[in-house]
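Understanding the architecture of this molecule
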Amino acid sequence: MPTTPASDPAKSIALPRDVVRITHSPEALELYFPPLRNVGAAVGFGAFGIVSIALPVAAAAGVGMTDAPGISSALALILIASFALPILVFGFVFVGLACYLVANSLTVRAGPDRILTTRRLFGLVISGRTVPCADISALEAQRPRQFQSQFSPEARYRLIARHRDPKRGSVVVAESLAGAAAVEQLGELMGQVSGISFKTH
């Protein structure tokens, strides 16, 4: 009696390719999270950063254009700098974070023995980690508040591999996933490949 071939579980996960590209083989599961997947969150951070930079600069320029005596102008600039410098620094930090969100990519390869992650920024490797599956206690879904997009009605989730040793830290193995269903499907698929239990909250 002919048997029906088993379907590829990766094909049953409907996720946009601009967020994650899934390659599934009997030996491993590879996830590629390309750049530009976090545009919504990056726009919010970038807009806040630009405003934070523009306001102190505009205030300093306004003082410089006044006809006040030199000493008065100097005192005004000193006062503005003391209050505006922290805001200016935070503005550049937020602009940098926006650039990072837009330009970084994440590649994850999970197998029955270990999980490998590689983070790139503008195509250059900036971090990587290899963790044996035996050292991972569980796969857990998280909803990072700081990476929610104001332009998307669905919450953004990430999937972490929690290390048995808390000092070693958790490993991000999936991110930028819209909706609880997406992270649950991906967590269950990675659990099947790696043999690690997947926890939902």
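All of the points below concern the structure found in this document. Note that the structure is predicted; figures quoted are calculated from it, not measured.

Some details on the packing of aromatic side chains
Inspection of every chain in the model, using the stated rule, returns 2 aromatic pairs. Residues F45 and F94 carry aromatic rings whose centres are separated by 5.7 Å and whose planes lie at 25° to one another, so their mutual orientation is stacked. With F45 in helix α1 (residues 39-64) and F94 in helix α2 (residues 70-103), the pair connects residues that are 49 residues apart, well separated along the chain. Given a relative accessible area of 14%, F45 falls into the buried group.

A few points about the pattern of salt bridges
Scanning the model with the defined rule gives 5 salt bridges in all. One salt bridge connects E30 with R109, and the closest N-O pair in it is separated by 3.6 Å. Here E30 is found in strand β2 (residues 29-33), whereas its partner R109 is found in strand β3 (residues 104-110), with 79 residues between them in sequence. Among the residues examined, R109 registers a relative accessible area of 41% and is labelled partly exposed. The salt bridge partner of E175 is R119, with a shortest N-O separation of 2.6 Å. One end of the pair, E175, is in strand β8 (residues 171-178); the other, R119, is in strand β4 (residues 114-121), with 56 residues separating them in the sequence. Overall, R119 belongs to the buried group, its relative accessible area being 12%. Look at the salt bridges and you will find they share partners, linking R37, R119 and E175 into a network.

Reading the values: rules and limits
- Residues numbered from 1 in each chain as written.
- Predicted model: local features only at pLDDT ≥ 70, side-chain atom pairs only at ≥ 80, totals over all residues.
- Heavy atoms only, no water.
- Phe/Tyr/Trp six-rings, centres within 6.5 Å; stacked < 30°, edge-to-face > 60°.
- Helix = DSSP H or I, 4+ residues; strand = E, 2+ residues; numbered from the N terminus.
- Buried < 20%, exposed > 50% of the residue type's maximum accessible area, 1.4 Å probe, protein only.
- Salt bridge = Lys/Arg side-chain N within 4 Å of Asp/Glu carboxyl O.

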